[in-house]
Amino acid sequence: MQDAFVQRRGLMLVLSSPSGAGKTTISRELLGRDGNLALSVSATTRAPRPGEEDGVHYHFLDEGEFRRMVADGDFLEHAEVFGKLYGTPRRPVERTLDAGGDVLFDIDWQGTRQLRDTARADLVSVFVLPPSMDALAERLRQRGQDSEAVVRERMAKAADEMSHWREYDYIVVNESIPESVRRVEAILQAERLRRERQTGLPDFVGRLTDV
Ligand SMILES: Nc1nc2c(ncn2[C@@H]2O[C@H](COP(=O)(O)OP(=O)(O)O)[C@@H](O)[C@H]2O)c(=O)[nH]1
Ligand SMILES: Nc1ncnc2c1ncn2[C@@H]1O[C@H](COP(=O)(O)OP(=O)(O)O)[C@@H](O)[C@H]1O
């Protein structure tokens, strides 16, 4: 909820994890519970999974369209992951932040690095770890949307992904979904209250003390 008393600049909440650790599940829950949080819908050149809708889960583009957006400066960040291109369209994010809304990003460590370089003050980053590698493999298989070869490729890359955990502000080990959602919510609530994000404080306190 937007604070009724003090104007605030929106923040950028990044969730990263190795594939299958649960960041999409946590994101979905958070978005359902928090009216002031909007998902940044990425563009990608990977094929849609069953049930994924263009414009909702991703903007599915061919490589030519993606490269054109890169050339036009339309991405806030972009990277290659598992041999496919992924990027964050710039305009929707800027519009939401300017209006005091918060934006949730499901992006990898390369994208997080780029956002940190360009917008450190607005960035809150959370890395989600699985409780064990066995649990990670089981979750990838149980999701049932990738072939065994793709699952194996993602497991092989997981250690590499996880080696970037030190670059994040917060770490959540996702054992139980409700508990992980509560933890990320707590991070979001606390970060919203940071003094430097509450841009309306000088006015607010000025009015309080203007007697
Ligand atoms: N840098 C960057 N990474 C992204 C973006 N969108 C998704 N990713 C990452 O790409 C990886 C693969 O995502 P996806 O194909 O949806 O597979 P999943 O993570 O197994 O659900 C994940 O690590 C995502 O966080 C983006 O816009 N930019
Ligand atoms: N804490 C958890 N315990 C058990 N299963 C989980 C948990 N978190 C996520 N899952 C399941 O694991 C699979 C992968 O989760 P997903 O959110 O798609 O991961 P990611 O977006 O990180 O690739 C899904 O089938 C999801 O329901």
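The residue numbers shown here count from 1 along each chain, following its written sequence. Chain labels run from A onward and ligand labels from 1 onward, assigned in the order the entries are written. For this predicted model, a pLDDT threshold of at least 70 governs which residues receive local features, and a threshold of 80 or more governs which side-chain atom pairs are given and counted, while totals over whole chains, interfaces and linings are taken from all residues.

Overview of the overall build of the chain
A count of helices and strands for the chain gives eight helices and nine strands. This radius of gyration counts C-alpha atoms alone. The globule rule is 2.2 Å times how many residues there are, raised to the power 0.38. Taken over the C-alpha trace, the chain has a radius of gyration of 18 Å; the compact-globule value for 211 residues is 17 Å, and the two agree within 12%. With the C-alpha coordinates of the chain rotated into their principal frame, the extents come out at 70 × 40 × 30 Å. Counting all 211 residues of the chain, 27% fall into the buried class. A run of DSSP states H or I qualifies as a helix once it reaches four residues; a run of E qualifies as a strand once it reaches two. Both are numbered from the N-terminal end. In this scheme the burial state of a residue depends on its C-beta neighbours within 10 Å: 20 or more other such atoms mean buried, 12 or fewer mean exposed, and anything in between means partly exposed; the C-beta positions come from the backbone.

With respect to the site of ligand 2
Near ligand 2 there are 15 residues, and of these Gly-22, Thr-24, Thr-25, Arg-139 and Arg-143 occur at the shortest range. Gly is placed with the polar residues, together with every amino acid not listed as nonpolar (Ala, Val, Leu, Ile, Met, Phe, Trp, Tyr, Cys and Pro) or charged (Asp, Glu, Lys and Arg). Of the residues contributing to the shell around ligand 2, the split by class is two nonpolar, nine polar and four charged. For each residue, a C-beta atom is placed from the backbone, and the residue counts as near a molecule or strand when that atom lies within 6 Å of it.

Things to note about the UniProt feature "domain: Guanylate kinase-like" (unreviewed entry) in the chain
Listed under "domain: Guanylate kinase-like" (unreviewed entry) in the UniProt record, and renumbered for this structure, are residues 10-189. Its end C-alpha atoms 12 Å apart, residues 10-189 is made of 44% helix and 23% strand. UniProt positions are given in the numbering used here, feature names are shortened, and annotations may be inferred rather than shown by experiment.

Some points on the pairing of strand S5 (residues 75-81)
Sheet analysis places S5 next to strand S6 (residues 84-89), joined by six bridges and oriented antiparallel. In the strand pairing of S6, Glu-77 is matched with Thr-88. When DSSP locates at least two bridges between a pair of strands, those strands are taken to pair. The antiparallel hairpin formed by S5 and S6 contains two residues in its connecting segment, where Phe-82 sits at a positive phi of about 50°.

Description of the confidence of the model for the chain
With 99% of its residues at a pLDDT of at least 70, the chain reaches an overall mean of 94. With pTM at 0.94, the complex prediction returns an ipTM value of 0.96. Each residue carries a pLDDT value, the predictor's own confidence for that position, ranging from 0 to 100.

Quick look at the sheet that holds strand S2 (residues 37-39)
Taken in spatial order, the five strands of this open sheet run S2-S7-S1-S8-S9, and their pairing is parallel. In the strand order of this sheet, the two ends are held by S2 and strand S9 (170-173), each with one partner. Taken over all neighbouring pairs, the strand axes of this sheet differ in orientation by 25° on average, direction set aside. Here an axis means a line fitted to C-alpha atoms, over the contact stretch when the element is a helix, while the angle between two N-to-C directions is reported on a 0 to 180 degree scale.

What to know about the environment of Val-150
Assignment of secondary structure puts Val-150 in helix H6 (residues 148-162). Owing to 13 C-beta atoms within 10 Å, Val-150 belongs among the partly exposed residues under this scheme. The sequence separation of Val-150 and Phe-82 amounts to 68 residues, and the corresponding C-alpha distance is 9.4 Å.

Comments concerning the nonpolar core
Structurally, a nonpolar core is described as a collection of buried Ala, Val, Leu, Ile, Met, Phe, Trp, Tyr and Cys residues joined by way of C-beta atoms within 7 Å. Core analysis: the largest hydrophobic core is formed by 27 residues, its most contacted members being Met-12, Leu-13, Val-14, Phe-105, Val-126 and Val-128. Residue assignment for this core shows that the elements contributing at least two residues are strand S1 (12-16), S5, strand S7 (102-106), strand S8 (123-129), helix H5 (133-143) and helix H7 (177-192). This entry defines residue contacts through backbone-placed C-beta atoms, with two residues in contact when those atoms are within 7 Å. If we skip the residues at most four places from it in the chain, Met-12 touches Val-103, Phe-105, Leu-115, Ala-119, Asp-122, Leu-123 and Val-124.

Some thoughts on the packing of H5 against H6
Two elements in contact, H5 and H6, have axes separated by 10 Å at closest approach and are oriented at 150°. Taken together, H5 and H6 sit at an angle that is classed as roughly antiparallel. Pair H5 / H6 crosses with right-handed handedness. Mapping the contact onto sequence places Leu-136, Ala-137, Leu-140 and Arg-141 in H5 and Val-151, Arg-154, Met-155 and Ala-158 in H6. Among the residues making up the contact of H5 with H6, the classes are represented as six nonpolar, no polar and two charged. What sets the label is the angle itself: under 35 degrees gives roughly parallel, over 145 gives roughly antiparallel, 65 to 115 gives roughly perpendicular, and the rest give oblique. In this scheme the handedness of a crossing depends on how the near helix is turned from the far one: anticlockwise by less than a right angle means left-handed, clockwise means right-handed.

A word on the environment of Gln-145
Along the chain, the position of Gln-145 falls in the loop between H5 and H6. Take Gln-145: there are 12 C-beta atoms within 10 Å of it, and that puts it in the exposed class. Placed 94 residues apart in sequence, Gln-145 and Gly-51 show a C-alpha to C-alpha distance of 9.5 Å.

What to know about the site of ligand 1
Close contacts around ligand 1 come from 17 residues, with Ser-19, Ser-42, Tyr-86, Ile-107 and Gly-111 the closest. Elements supplying a minimum of two residues to the shell around ligand 1: S5, S6 and helix H4 (109-119). Of the residues in the shell around ligand 1, the class split is four nonpolar, nine polar and four charged.

Re the UniProt feature "binding site: ATP" (unreviewed entry) in the chain
According to UniProt, the "binding site: ATP" (unreviewed entry) feature falls on Ser-17, Pro-18, Ser-19, Gly-20, Ala-21, Gly-22, Lys-23 and Thr-24. Within the secondary structure, Ala-21 sits in the loop between S1 and helix H1 (23-33). The buried category is assigned to Ala-21, around which 27 C-beta atoms lie within 10 Å. Beyond its immediate sequence surroundings of up to four residues, Ala-21 is in contact with Val-128, Leu-129, Pro-130, Leu-136 and Asn-174. One can find Gly-22 in the loop between S1 and H1. By C-beta crowding, Gly-22 is classed as buried, having 23 other C-beta atoms within 10 Å. Once you skip the residues sitting within four places of it in the chain, Gly-22 turns out to touch Ser-17, Val-128, Arg-139, Asn-174, Ile-177 and Ser-180.

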